[in-house]
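The residues making up each chain are set out below.
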Amino acid sequence: MESLPILSIITFLPLLGIGIIALIPGKNKNLVHAFITIFTGITFLISLFLINAFKADTSGFQFIEKINWIPSVGIQYFMGLDGISIYLVILTTFLTFIASISAYTAIEIRVKEFAITLLFLEVGMIGVFLALDLFLFYIFWELILIPMYLMIGIWGGKNRLYASLKFFLYTLAGSTLMLLAAIYMAYQVKLQTGQMSFSLLDMQALTLTPKIQTPLFLAFALAFAIKVPYFPFHTWLPDAHTEAPTAGSVILAGVLLKMGTYGFIRFNIPLFPDATVALAPFMSILAVVGIVYGAFMALVQTDVKRLVAYSSVSHMGFIMLGIFALNEEGLNGAVLQMLNHGISTGMLFLLVGMIYERRHTRMINEYGGIAKKMPIFAVYTMIAMLSSIALPGTNGFVGEFLILSGGFLRDHALGIIATSGVIFGAVYMLWMYQRVFLGKIVKKENEELTDLNFREQFILIPLVVLIFAIGVYPGYMLKTFKEPVRALIEMTSAKFNDENTVQKPNATIETSVEKKL
Amino acid sequence: MAAGLNVMEITQTHYIVLSVLLFCIGAVGVLVRRNAIVIFLCVEIMLNAVNIALVAFSRGLDQNRGEVFVFFVIAVAAAESAIGLSLLILLYRQKRTLDVDEINSLKG
Amino acid sequence: MIENVWLITALPLAGFIIIGLLGNRFGEKLSGIIASLFSSLAFIVTAMIFIEVLTKEESARKIVVKLFDWIVAGKINASVAYQIDPLSLVMTLVVTGVGSLIHFYSIGYMHGDKLSAKYFAYLNLFMFSMLNLVLGSNLLIMFLGWEGVGLCSYLLIGYYYETKEAGDAGKKAFIVNRIGDFGFLIGIFLIIFVFGTLDFSELEHLAKDHHSGELVIFWITLMLFIGATGKSAQIPLYVWLPDAMAGPTPVSALIHAATMVTSGVYMLARLSFLYVKAPETMFIICIIGALTALFAATIGMLQNDIKKVLAYSTVSQLGYMFMGVGAGAFSAGIFHVVTHAFFKALLFLGAGSVIYAMHHEQDIRNMGGLRKKLPITHITFLIGTLAIAGTPLFSGFFSKDEILWKVFNYSPAIWVIGATGALITSYYMFRLYFVTFYGESRSHDHHGLDGHDQGVHESPLIMTLPLIILAVLALAGGFLGIPHILDIFHSGNIIEEFLHHSVSDNAVVSHGKYMEILLMGISVLLAFVGFIFSYKLFFKNKGIPRKDEEYAGLQKTVYNKYYIDEIYNIAFVKSIYHFALVLWRAFDVFVIDGIVNGVARLLKNLGQGMRETETGVVHDYMMYMAGGLVSFFVLLFLFYL
C-alpha cells in the first residue's frame, strides 16, 4: 500500500474515466450520468484512503512521488500531500461526485461532452493541490481553465459567452506573471545551488533579499488574488457563478476559489516570508474591504445566484484575513474555513439549482412564500444559510471565530471592522430567505412547486451532516493541519522579530569603524 | 597604342554600378507598376541584376564560384516564372483583371 | 448525578431531533407531549443536582464537568464543559422549571394547529440553547447558547411565517441581536488578547491581577454589555422585543419574558468579578438600565395590545435588573430575574389564555368583562399584576425593592428614575387588568374567527394549571430574598447567601436601616398611587382607551413608541441599503467592471487598428518590406559609423 503512487492514481484516474466514456454512446444520457456518478464516486472513495494512511502531527509532505521529468531545466514530476492539502483533495473529489449527481436533470444536451469536461476538470483540480514542482503546478493550474470555460460557455445561462470568456482571460492574464516569477526563481536556484530546479522545496531553501521578494510575491499574488477573488479583482466571479450550470457553480465556488487561497498558503508564505510580513497589513486591509464590500453587494442583488456569488466574495475575504493575520488562530481558521465554505456555499448553489430547475428563474421577486409548498427545501436552505452566517454549532462558526480572533489579535481595528461582517451576513441572508420563502404566495406559478425528491436530498444530506459534524467536533480536522500551519507561522514569526534585531549588527560595525579612526 | 581614342577601362565598378542601377529599376518597377506581368518582368530584372553582380565579383576574385551560383539563380528564376505565370493565369480566370491593386480579398 | 449534568442539555436536544425528524408522523399532540416530557426530565435532573449541591459545603459548590475539546488553536482552547455552581443552578432551575410549565401550557394553546410539531421542536431546541448558555463553563459555550437562543427566537417569532408581520419581526430580532453579538464578539476577542483564556474559572483567577478602572477592562466590559443590550432589549437595541409579540404567546412567555432576555443579566452576573473592576461601565449599565426602565414604562402606558403592554413591561423590568447590576447588586439583579420569570411568565400565559378564549383577539379595547367568564385566568392575572406592581409580600416587591435600595445607595438621582418607573409600572399594569377583565364585555362588537359565537369560556386545565403554579410562585417566590430588616422568620436573604460565592456583589450600603424602611414605604406608596390613578380612570369611570385616530400631540408620539422604529429604519436600514445600491451601480459595475471591460475593449480596438495594415494589396506589403529593409540598413549604417 505504501509503495503505490496513490497521489498519481487519484489525480489521473479521471483520465481513465474519459477513456471509458468515449466508448459509451452519447445518446444514452442516463447511462452517461450513471457512469460518471459511479466513477467520481470511486475516485472519492479512493481519496478517503488517504485519511487512513495519513500521519497527523507532522508538518512535512507525505506520499511523495518524485520523478525527473525535464532535467535540463530542472522540472520534476513532484507530488506530495500535507495536512493542509489532504482535505482539499478530498473536498474536490467529494464535490465532483456531488456535482455529477446534481447534473442529472440540469444537463440535457451533450451529456457525454459534459462528463468528459467534468473529469478533465477533476484532474486539474486535484493536481493543483498535490503539485510541489512549480512548473507542474502551473500546468495543472492552467489545465482547469479550458474545461471550466467550456462548462460555462456551453451549458450555462443566457449571458454565458461573456461570462466564460471573462473568466478565462482574466484568470489566464493573472497567471502569466506567476510563470515568469517561477522561472526567475528556478534560475535563482541554479545560481545559488548550481542546478536549476522548479521544486518548491529547493525554492524554499533560497535566500532572497526582501527587496526582490516583494515583486515576486506580488507576481504570485496577482494570479492567486484573481482566483480567490480578492477585491478589486473580483468582478469575474458574479458573472461566472451566475451563468454557470449548477454543477459548474458548485465546483467553481467549492474548489476553484480555494485554489487561490491555497496558492497563498503553499507558495507565497513559505517562499517569500519577508515580503509576506511586510505586505500583510496591506493584504489584510484588502481582505477586510472584501468582506464588507462583498456583503454590501450581496445586499442589493435581485438574482439569488448573484447574491450567493457576492457572499462568496465576502467569505473569501474572511479566509484571506485569517491567512494574513499570520498567527495560529487565524491561519488554522482560514484552512478550516476553506473546507467549510466549500461545503456550505456548494450546498447553497445546489439548492439554488434545484429551485431554478423548477421555475427557470433566479429572480428573488419571482418567488415568495414557497416554504408552504416546499417545507423540506426550506429547511435545507435554512441550514445552509445558518452555516454561511456562522451560527455556533455549524462549521462556519468555528472557522469564522478562529479567523476573527486571529485577525483581531493581529490588528484590533481591522478585526473590529471584519467582525461587523457577521451583522451584514445575517442581514442579506435573512432578507433573501424572507423574500423567497416566507409570507404569502403571490405568484401563481409558485403554487405548482414540488418539494425535493430523493436524489436531491441524497446529495444534500451528507453536506448537512458535515456542517454539524465539523461544527460540533472540528478537532478532527484541526488536528490534521495544526502542524503544517505551525510550521508556516514559525517561518513568518521569525521575520516579525528580525525587523527589530536588524539595528544591532549595524551598530557594532559603526563603533568599530570609529575606533579605527 | 591606339592613338587618339580615349577608351575608358571597364572595371569591376562599372559592372556593380550597372547591377545596382538595374536592381533599383527592377525594385521601383515592382513597387510601382500595377500589371502583374510587368511586376514579374521587373522581378526578373532584379534577378539578372544580381547575376551581373555575381559574375563581376566572381571575375574580380578570380574564382568561378560566383558564376556557378549564377546558373543556380537562372534555373530558379526560370522555375519560379513558370509557376508564377501559371498562377497568374489562374488568377486572371478568377478575377478577370491583372491589376494587382484590385486583388485584395485576403485583407485582414 | 452531578457528573451527568450534560443530560440537562442533551434531553431537550434529543427532543428537538426526534420531533424534528418524526414530528409530522407524530402529530401535534404527541409532539407536544414528547417535548414537555424531555423538558420536565431536564428539570428533574436539575433538581436532583441541586439537592446534591445543597449537601455540599459552600466552598465546594463549584464543579466543572468537561465533555470534549471543541475549538483548539493557538491561544484558543475551548472545550464543551459545564459548570455547576449556585448561579448556574438558579438559572437552570428557572429555565427548566418555568420552561416545562410553558411546554405543557403550549399543548393546550397550540391545539388545532396542525403544523405545531415544528413549534415544539423549536421549543426544545430553545431549551437546549438556553441551558448551554447558563451552564457553559467558558465564554464560547455561552456564546453558542447566546446565538442559539437568537436563532430559536427567530424561528419561533416567525412561526406564523405566512404573515409579513411575523417574518419581519423574526428577521428584526435576529439582526438586532446580531448587532449586539458584534459587541459580544469584540469583548471575547479582547479577553483572548488580554487574558489568553475564555474559561470562567481561569478568568476569575487572572482578573485578580488587574486593577480597578483599567482601560482594557473598561472596553471588555463595555463591549460585552453591548451584547447584553441586544439580547436583553435595553436601549438602544430593544426595538426587536415589542415586534416579537408576533409569535405565539407561550413563546413570548418563555423567551421574551422568563429566559432568553435575562441572558444579559446572567452574563453580567457570571462575569461580575470583571465588572466590579470597571466602575465606569457599571455606571453606564446602571444609567441605561434606569432610562430603559422609565422609557419603556411610558410607552407601556398607552399601548392597547395586551401583549405589547407586557412586552414593554418586560423591557422596563429588564431595565430594573440592569439598574441593580450596575449598582453592584448582582444577586439582587438575579433575584429579580427569578421573580420576574415567575410573574411575567404568569402574565403572558394569562394573556395567552385570554387571547385563546377570545379566539385570538388581542386588542384590549375589544375585551372587558372577562372577570366572570375566565375566573382562573382572572385571579392568576391579578396575582401577577400585584406582583409586578410591587405589592408587599408578593415576589416582585422584595426583588424590586432590593434593587431600588441598592440603587439609592449608589446614586439617589438614578433611584428617582427607578421610582418614577415603578409608579408608572403600577399604573399601566392595573390599567391593563381593569380594561381587560372589568367593565362590560365589548367583544360582541367583534365576532370570533370562525364566524359563529362560541362564547367565551375558561381555558382547559392544561393551560390553567401552569397559571396556578406560577401564581403560587409569584406569591411565594419573594420569600427567597427577604431583606435583613424584615427578617422575622430569621431565614436570612436565602438567595443572596446562596449566590454569595458565585457572584461578586460590591454594592455599598451607606445609608441606615431607617432609610431602607422609608424607601420601602415610598415604593409601596408609589405603587398605590399608580393603582389609584388607573382605578379612577378605568374601573370607576369605565374608561376605555381611545381608538387609534383619536390620539394626538404628545400622547400620539408616545403611542407610536416615540417613532424610534421609524427613525432607525431611515437612519440605518434605508441608508445602508441605498448606499450599497449606489456602491454597486456606480462602483462595482461602472468603475471596476468598467476597467475590466475597458481593458478588453482597448485591446479589441488596438487589434482593429492594427488590422488596418492588412489591406490585402500586395503593393502595400512590398512597401512595408522595402521600408523595413531600408530602415534596417540606415540603422546599421548609423550604428557602425
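Note that this is a predicted model, so its numbers are computed, not measured.

(A) Molecular detail of the overall build of chain C. Counting its secondary structure elements, chain C contains 24 helices and two strands. Seen through its principal axes, chain C has C-alpha atoms that stretch 120 × 65 × 55 Å. The buried share of chain C, reckoned over its 641 residues, is 59%. Pairs at least 24 apart in sequence give 81% of the contacts found in chain C among residues at least 6 apart.

(B) Layout of the overall build of chain A. When helices and strands are counted, chain A shows 20 helices and two strands. Here chain A has a C-alpha radius of gyration of 23 Å; the compact-globule value for 517 residues is 24 Å, and the two agree. Here chain A, with 517 residues, has 64% of them falling under the buried criterion. Excluding contacts between residues fewer than 6 apart, the proportion of contacts in chain A whose partners are at least 24 apart in sequence is 81%. When the accessible area of chain A is evaluated, it comes to approximately 18,000 Å², of which 66% is carbon and sulfur surface. Between the averaged position of the 34 positive side-chain charges in chain A and that of its 31 negative side-chain charges there is a distance of 6 Å.

(C) Spotlight on the interface of chain C and chain B. Listed as interface residues are eleven residues of chain C and, on the opposing side, 13 residues of chain B. Summing both partners gives a buried area of about 880 Å² for chain C against chain B, and 63% of it is carried by carbon and sulfur. Area buried by chain C at its contact with chain B is led by Val617(C), His619(C) and Met622(C), which between them contribute 50% of it. Our count for the contact surface shared by chain C and chain B stands at zero salt bridges. Viewed at the interface, chain B and chain C are joined by four residue pairs in polar contact (both at pLDDT 80 or more). Residues that form the side of chain C that touches chain B fall into these classes: six nonpolar, three polar and two charged.

(D) Spotlight on the pairing of strand β1 (residues 63-73) of chain C. Residue and element names in this part refer to chain C. Pairing of β1 with strand β2 (residues 76-84) involves nine bridges; the strand directions are antiparallel. If you follow Ile71 over to β2, its bridge partner there is Ala78. Counting the residues in the hairpin turn of β1 and β2 gives two residues, including Gly74, whose phi is positive at 60 degrees.

(E) How the structure looks around empty space enclosed by the protein. Residues and elements named next belong to chain A. Throughout the structure, instances matching the rule amount to 13 cavities of 30 Å³ or more. Here the largest cavity is characterised by a volume of approximately 120 Å³. Every residue along the wall of the largest cavity is listed here: Val304, Leu348, Leu351, Val352, Ile355, Tyr367, Phe377, Thr381, Met432, Val436 and Phe437. Contributions of two or more residues to the lining of the largest cavity are made by α14 (328-359), α15 (375-388) and α17 (412-437).

(F) Local environment of the interface of chain A and chain C. With 58 residues of chain A in contact, the opposing surface of chain C contributes 48 residues. Between chain A and chain C, a total of about 4,700 Å² is buried, with carbon and sulfur atoms accounting for 75% of that surface. Of all residues in chain A, Val300(A), Phe401(A) and Leu430(A) give up the largest surface area on contact with chain C, accounting jointly for 13% of the area buried on that side. At the junction of chain A and chain C, the tally comes to two salt bridges. Between Asp593(C) and Lys166(A) there is a salt bridge, with its nearest N and O atoms 2.8 Å apart. Counting the contacts that link chain A with chain C gives 15 residue pairs in polar contact (both at pLDDT 80 or more). Mapped by element, the contributors of at least two residues to the side of chain A that touches chain C are α7 (160-193), α12 (273-299), α14, α15, α16 (395-410), α17, α18 (454-472) and α19 (475-501) of chain A. The biggest single contributor to the side of chain A that touches chain C is α17(A), with 14 residues. When its residues are assigned to classes, the side of chain A that touches chain C shows 39 nonpolar, 13 polar and six charged.

(G) Focus on helix α9 (residues 210-227) of chain A. Residues and elements named next belong to chain A. Over its 18 residues, α9 extends 25 Å from the first C-alpha to the last, a length consistent with the 26 Å expected when each residue adds 1.5 Å. At Ala221, α9 shows its largest kink, close to 30 degrees. If you check which residues of α9 are buried, you get Gln213, Leu216, Phe217, Ala219, Phe220, Ala221, Ala223, Phe224, Ala225, Ile226 and Lys227.

(H) Quick look at the side chain of Thr261(A). All names here are of chain A. As for its position among the elements, Thr261 is in helix α11 (residues 246-271). Overall, Thr261 belongs to the buried group, its relative accessible area being 0%. Sequence-distant contacts of Thr261, defined by excluding residues within four places in its chain, comprise Val228, Met316, Ile319, Met320, Ile323 and Met338.

(I) Looking closely at the arrangement of the chains. When the two pairs of chains in contact are compared, the highest contact count belongs to chains A and C. At no point do chain A and chain B touch; the closest pair of C-alpha atoms across them sits 23 Å apart.

(J) Quick look at the pattern of salt bridges. Applying the stated criterion across every chain yields a total of 23 salt bridges over all chains. Between Glu108(A) and Lys29(A) there is a salt bridge, and its shortest N-O distance comes to 3.8 Å. One end of the pair, Glu108(A), is in the loop between α3 (83-106) and α4 (111-130); the other, Lys29(A), is in helix α2 (residues 29-53), with 79 residues separating them in the sequence. With its nearest N and O atoms 3.0 Å apart, the salt bridge here joins Asp239(A) to Arg306(A). Taken as a pair, Asp239(A) in helix α10 (residues 236-243) and Arg306(A) in helix α13 (residues 304-324) lie far apart in primary sequence, 67 residues in all. Residue classification places Asp239(A) among the buried residues on the basis of a relative accessible area of 8%. Linked through salt bridges whose partners overlap, the residues forming this network are Lys166(A), Asp239(A), Arg306(A) and Asp593(C).

(K) Region of interest: the layout of surface pockets. Its volume calculated, the second largest pocket comes out at about 1,200 Å³. Residue lining of the second largest pocket: 30 residues in total, with Lys172(C), Ile175(C), Tyr568(C), Asn569(C) and Val573(C) positioned closest to the centre. Counting residues per element, the ones that place at least two in the lining of the second largest pocket are α17 of chain A together with α5 (164-195) and α23 (564-611) of chain C. Per-element tally for the lining of the second largest pocket: the top contributor is α23(C), with ten residues. Partitioned by chemical class, the residues of the lining of the second largest pocket number 17 nonpolar, two polar and eleven charged.

(L) Region of interest: α4(A). Taking 1.5 Å as the rise per residue, α4(A) with 20 residues should run 28 Å; its terminal C-alpha atoms sit 29 Å apart, in good agreement. Counting buried residues in α4(A) gives 16 out of 20 residues, a clear majority hidden from the surface.

(M) Representation of the domain arrangement of chain C within the structure. Split by domain assignment, chain C resolves into domain 1 (285-559) and domain 2 (566-640). A separation of 71 Å is found between the C-alpha centroids of domain 1 of chain C and domain 2 of chain C.

(N) Here's a closer look at the side chain of His234(A). Its location among the elements puts His234(A) in the loop between α9 and α10. For His234(A), a relative accessible area of 0% corresponds to the buried category.

(O) Broad picture of the environment of Leu121(A). All names here are of chain A. Structurally, the position occupied by Leu121 is in helix α4. The class for Leu121 is buried, based on a relative accessible area of 0%. For the pair Leu121 and Leu307, spaced 186 residues apart in the sequence, the C-alpha separation amounts to 25 Å.

(P) Structural detail: unusual backbone geometry. Following Val228(A), the chain continues to Pro229(A) via a peptide bond in cis, the omega torsion being -5 degrees. The backbone of Arg110(A) shows a phi angle near 50 degrees, a positive value even though the residue is not glycine. Looking at where Arg110(A) falls in the secondary structure, it is placed in the loop between α3 and α4. Non-glycine residue His359(C) carries a positive phi angle of around 55 degrees. Tracing the backbone shows His359(C) in the loop between α14 (330-357) and α15 (370-373).

(Q) Quick peek at the nonpolar core. Core analysis: the biggest nonpolar cluster contains 403 residues, and Phe264(A), Phe401(A), Leu139(C), Met267(C) and Tyr275(C) have the highest contact counts within it. The dominant element in this core, judged by the number of residues it contributes, is α14(C), at 17 residues. When residues of this core are sorted by domain, at least three fall in each of domain 1 (285-559) and domain 2 (566-640) of chain C. Ignoring sequence-local partners within four residues, the contact set of Phe401(A) consists of Ile76(C), Leu140(C), Leu185(C), Ile188(C), Phe189(C), Ile192(C) and Leu198(C).

Each value, and the rule that gives it
Residues numbered from 1 in each chain as written. Chains lettered and ligands numbered in written order. Predicted model: local features only at pLDDT ≥ 70, side-chain atom pairs only at ≥ 80, totals over all residues. Heavy atoms only, no water. Helix = DSSP H or I, 4+ residues; strand = E, 2+ residues; numbered from the N terminus. Buried < 20%, exposed > 50% of the residue type's maximum accessible area, 1.4 Å probe, protein only. Contact = heavy atoms within 4.5 Å. Rg over C-alpha atoms; globule rule 2.2 N^0.38 Å. Areas by Shrake-Rupley, 256 points an atom, 1.4 Å probe, with all protein chains shown as cover. Lys, Arg positive; Asp, Glu negative; His and termini not counted. Charge placed at Lys NZ, Arg CZ, Asp CG, Glu CD. Buried area = accessible area lost by both parts, 1.4 Å probe. Salt bridge = Lys/Arg side-chain N within 4 Å of Asp/Glu carboxyl O. Polar contact = N/O pair within 3.5 Å; in protein donor to acceptor, adjacent residues only side chain to side chain. Nonpolar A, V, L, I, M, F, W, Y, C, P; charged D, E, K, R; others polar. Pairing = 2+ DSSP bridges. 1 Å grid on protein atoms, 1.4 Å probe; cavity = no way out; pocket = protein on both sides within 12 Å on 5 of 7 lines; lining within 4 Å. Points joined across faces, edges and corners; volume = space filled by probe spheres on them. Expected span 1.5 Å × (residues − 1). Bend = angle between axes of the 7 residues up to and from the residue. Domains from an automatic or database assignment. Core = buried A, V, L, I, M, F, W, Y, C linked by side-chain atoms within 4.5 Å.

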